[in-house]
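So you can see what is in the structure, the chains are spelled out below.
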Amino acid sequence: MNTKPETMNTTNDSPENPDKNCRECGQPFKCDFPAVARFVHVCPVCSERHAAQGQQRAVVDASAARRTRWQSFCPPAYLTTD
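Reading the values: the criteria
Residues numbered from 1 in each chain as written. Predicted model: local features only at pLDDT ≥ 70, side-chain atom pairs only at ≥ 80, totals over all residues. Heavy atoms only, no water. Helix = DSSP H or I, 4+ residues; strand = E, 2+ residues; numbered from the N terminus. Buried < 20%, exposed > 50% of the residue type's maximum accessible area, 1.4 Å probe, protein only. pLDDT = per-residue confidence, 0-100. Contact = heavy atoms within 4.5 Å. Salt bridge = Lys/Arg side-chain N within 4 Å of Asp/Glu carboxyl O. Disulfide = S-S within 2.5 Å.

## Some thoughts on the environment of Lys-30
Tracing the sequence through the fold places Lys-30 in strand S2 (residues 28-30). We classify Lys-30 as exposed; its relative accessible area is 52%. For the pair Lys-30 and Lys-20, spaced 10 residues apart in sequence, the C-alpha separation works out to 6.0 Å.

Given below as C-alpha cells:
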C-alpha cells in the first residue's frame, strides 16, 4: 500500500533528478550539478535576469548614497550650483 499522496512528486524537485521546472517562468531546465539541484529553483535565464536587476539596484543605491553623502557636507548655498 502506497501511503504517499500522488502530488508529492509533481514539482520534480527531488535531488536525484536534476531536471527541474523554473519557479519564475515555469520552463523546464536541467541542473548541471546534481549535488546542488535541490538548492536551484530558477532557470539560467531567470537567474541572469535576477542578477541584472540586482546590479541595477546596486548602482541606483550607490548613486543615492553618494548624493546623500555629498549633501551632508556641501554647504546649502552651493547645492544648487554646478
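## Some details on the confidence of the model for the protein
Across the protein, pLDDT averages 80, with 77% of residues at or above 70. Per-element mean pLDDT across the protein ranges from 86 in strand S1 (residues 19-21) up to 94 in helix H1 (residues 44-73). Ignoring residues within four places in sequence, the model shows residues 1-15, a span with pLDDT below 50, making 9 contacts including any to other chains.

## So, the pattern of salt bridges
All told, the structure shown has 2 salt bridges when counted by the stated rule. A salt bridge links Lys-30 to Asp-19, with the shortest nitrogen-to-oxygen separation between them at 3.6 Å. Of this pair, Lys-30 sits in strand S2 while Asp-19 sits in strand S1, and the two are 11 residues apart along the sequence. Judged by its relative accessible area of 34%, Asp-19 falls in the partly exposed class. Here Arg-49 and Glu-24 are joined by a salt bridge, their closest N and O atoms 3.7 Å apart.

## What to know about the state of the cysteines
Scanning all chains against the criterion turns up 0 disulfides. Of the cysteine sulfurs around Cys-46, a residue in no disulfide, the closest is that of Cys-43, at 3.7 Å.

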